[in-house]
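# Architecture and fold: a report
Okay, here's what each chain looks like letter by letter:
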Amino acid sequence: MIEKHIVLEDIDTVMFYGVGNSHLQIIRSLFPKLRIVARDNVIRVLGDEEQMAAFEENIEQIRRHILKFNSLRDEDILDIVKGGRPKDVPDDVVVYSMSGRPIKARSANQQRLIEAYKENDMVFAVGPAGTGKTYLSIALAVKALKEKSAKKIILSRPAVEAGEKLGFLPGDMKDKIDPYLQPLYDALEDMLPQVKLQDMMEKHIIQIAPLAFMRGRTLSDAVVILDEAQNTTPAQIRMFLTRMGWNTKMIITGDMTQIDLPRTQKSGLIEALHILNNVEGIGVVNLDRRDIVRHKLVTRIVNAYEAFDKETKGENPEISSIS
């Protein structure tokens, strides 16, 4: 008889054990010769060596299943233990949401963004609101973290209000920058268990990096996302892009129709796209209103505002030149 302790480090234990420990009861019934006791994220197992080896292998397969699919059903446990073949993720799925919904490209340009990410170390994703550029970027970063091709995710965004001045915000640096990064948090919460997300942030596996404090850093072994890059100045985006270290992927997202900088200030994203357009290793993906995946009214709103802009001001030559 031997005893082993198995630690469940990177998955949601509630999902693993099941409601009312229902999944744990199934696992116990499938290994009747083993004594299995679970406490928090540690499983204590007592039994003979041969049964123990089979148990460890199956627990690892169940753990990987949860990491891939963000869900676990009774049938999944039975398939893994009795069938011995873990389920594969379809090629077109990036990751699964916390509800088990597959997250994948929903338009041709979204698929181009995925391909550009695979082929380049730096990708610019430019398009109007609702085209999924931020959400899909977060999904690609989470996938890299789960597959261990990256050790951390670094999120950054310029702290520029959309038309209204909020004044001084209370709290420490994280409290002050959090309101600006809420869209990124929303996406992360849709793909990672809340407890695990909090743990990753405490351990700096997922980092919040205000743009103003990026100078001097070298960002290695990471997926780095700069959101709302249209609100960076030329100096800010130049500084940000040169933070790139070894084994790092950068995704820069922006919407040229939502520049909140003062009228006299040029957008750093416009300048960066002009300068870096033909640089090897940098991909540029332009999304448009056909890629909008929010409520159908969002497409109509975008179309209406585009028509209004053309009638009243004419098209911005800087924007049209990079589309």
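Refer to the structure printed above.
First things first, this report covers the structure right here in the doc. (Residues numbered from 1 in each chain as written. Predicted model: local features only at pLDDT ≥ 70, side-chain atom pairs only at ≥ 80, totals over all residues. Heavy atoms only, no water.)

## Some thoughts on the overall build of the protein chain
Scanning the protein chain from N- to C-terminus turns up 12 helices and 11 strands. Put simply, 70% of the contacts in the protein chain that link residues at least 6 apart link residues at least 24 apart. Working note: accessible area of the protein chain is about 17,800 Å², and carbon and sulfur atoms make up 51% of it. (Helix = DSSP H or I, 4+ residues; strand = E, 2+ residues; numbered from the N terminus. Contact = heavy atoms within 4.5 Å. Areas by Shrake-Rupley, 256 points an atom, 1.4 Å probe, with all protein chains shown as cover.)

## What about the packing of helix 9 (residues 234–241) against helix 10 (residues 268–276)?
Interaxial distance between helix 9 and helix 10 falls to 7 Å at its minimum, and their mutual angle equals 55 degrees. By the angle between their axes, helix 9 is oblique relative to helix 10. Considering how the two elements wind past one another, helix 9 and helix 10 form a crossing that is right-handed. For the pair helix 9 and helix 10, the contacting residues are Pro 234, Ile 237 and Leu 241 in the first and Gly 268, Leu 269, Glu 271, Ala 272 and Leu 276 in the second. Tallied by class, residues from the contact of helix 9 with helix 10 come to 6 nonpolar, 1 polar and 1 charged. (Axes fitted to C-alpha atoms, helices over the stretch in contact; angles between N-to-C directions. Parallel < 35°, antiparallel > 145°, perpendicular 65-115°, else oblique. Left-handed = near helix turned anticlockwise from the far one by under 90°. Nonpolar A, V, L, I, M, F, W, Y, C, P; charged D, E, K, R; others polar.)

## Re the packing of helix 3 (residues 49–69) against helix 4 (residues 74–83)
Where helix 3 meets helix 4, the closest approach of the two axes is 10 Å, and the angle between their N-to-C directions is 140 degrees. Put simply, helix 3 runs oblique to helix 4. Along this stretch, helix 3 crosses helix 4, giving a crossing that reads as right-handed. Note on element contacts: helix 4 touches helix 3 through Asp 76, Ile 77, Ile 80 and Val 81, opposite Asn 58, Gln 61, Ile 62 and His 65. Partitioned by chemical class, the residues of the contact of helix 3 with helix 4 number 4 nonpolar, 3 polar and 1 charged.

## Thoughts on a nonpolar patch on the surface
On the surface, Leu 297, Ile 301, Tyr 305 and Phe 308 cluster together to form a nonpolar patch covering roughly 430 Å² of accessible area. Among the structural elements, Leu 297 can be located in helix 11 (residues 296–312). (Patch = residues over 30% accessible without salt bridge, like charges linked within 9 Å, V, L, I, M, F, W, Y side chains within 5 Å. Salt bridge = Lys/Arg side-chain N within 4 Å of Asp/Glu carboxyl O.)

## Comments concerning the sheet that holds strand 2 (residues 35–39)
One open sheet accounts for 3 strands, arranged 1-3-2; its pairing is antiparallel. Each edge of the sheet is formed by a strand with only one pairing partner; in this case those strands are strand 1 (2–7) and strand 2. Each strand of the sheet is rotated relative to its neighbour by a mean of 15 degrees, with strand direction disregarded. Sheet topology note: the strand 2/strand 3 (residues 42–47) ladder contains 5 bridges and is antiparallel. Its bridge partner being in strand 3, Ile 36 is matched across the sheet by Val 45. (Pairing = 2+ DSSP bridges.)

## Here's the deal with the packing of aromatic side chains
Across all of its chains, the model carries 3 aromatic pairs by this definition. Ring geometry for Phe 16 and Tyr 17: centres 5.6 Å apart, planes at 80 degrees, overall edge-to-face. For Phe 16, a relative accessible area of 0% translates into the label buried. With relative accessibility at 8%, the residue Tyr 17 sits in the buried group. Their ring planes at 90 degrees and their centres at 5.2 Å tell us that Phe 31 and Phe 55 sit as a pair that is edge-to-face. (Phe/Tyr/Trp six-rings, centres within 6.5 Å; stacked < 30°, edge-to-face > 60°. Buried < 20%, exposed > 50% of the residue type's maximum accessible area, 1.4 Å probe, protein only.)

## A short note on the nonpolar core
Counting residues in each nonpolar core, the largest one holds 37 residues, and the members touching the most others are Ile 138, Val 142, Leu 155, Leu 188, Met 191 and Ile 206. If you tally residues by element for this core, the top one is helix 6 (residues 133–146), at 8 residues. Among residues more than four places away in sequence, those in contact with Met 191 are Asn 70, Val 95, Tyr 96, Ser 97, Met 98, Ile 103, Tyr 135, Ile 138, Ala 139, Val 142 and Lys 146. Counting 25 residues, the second-largest nonpolar core is a separate cluster that includes Phe 124, Leu 219, Val 224 and Leu 226. (Core = buried A, V, L, I, M, F, W, Y, C linked by side-chain atoms within 4.5 Å.)

Function cannot be read off these values alone, since they describe shape.
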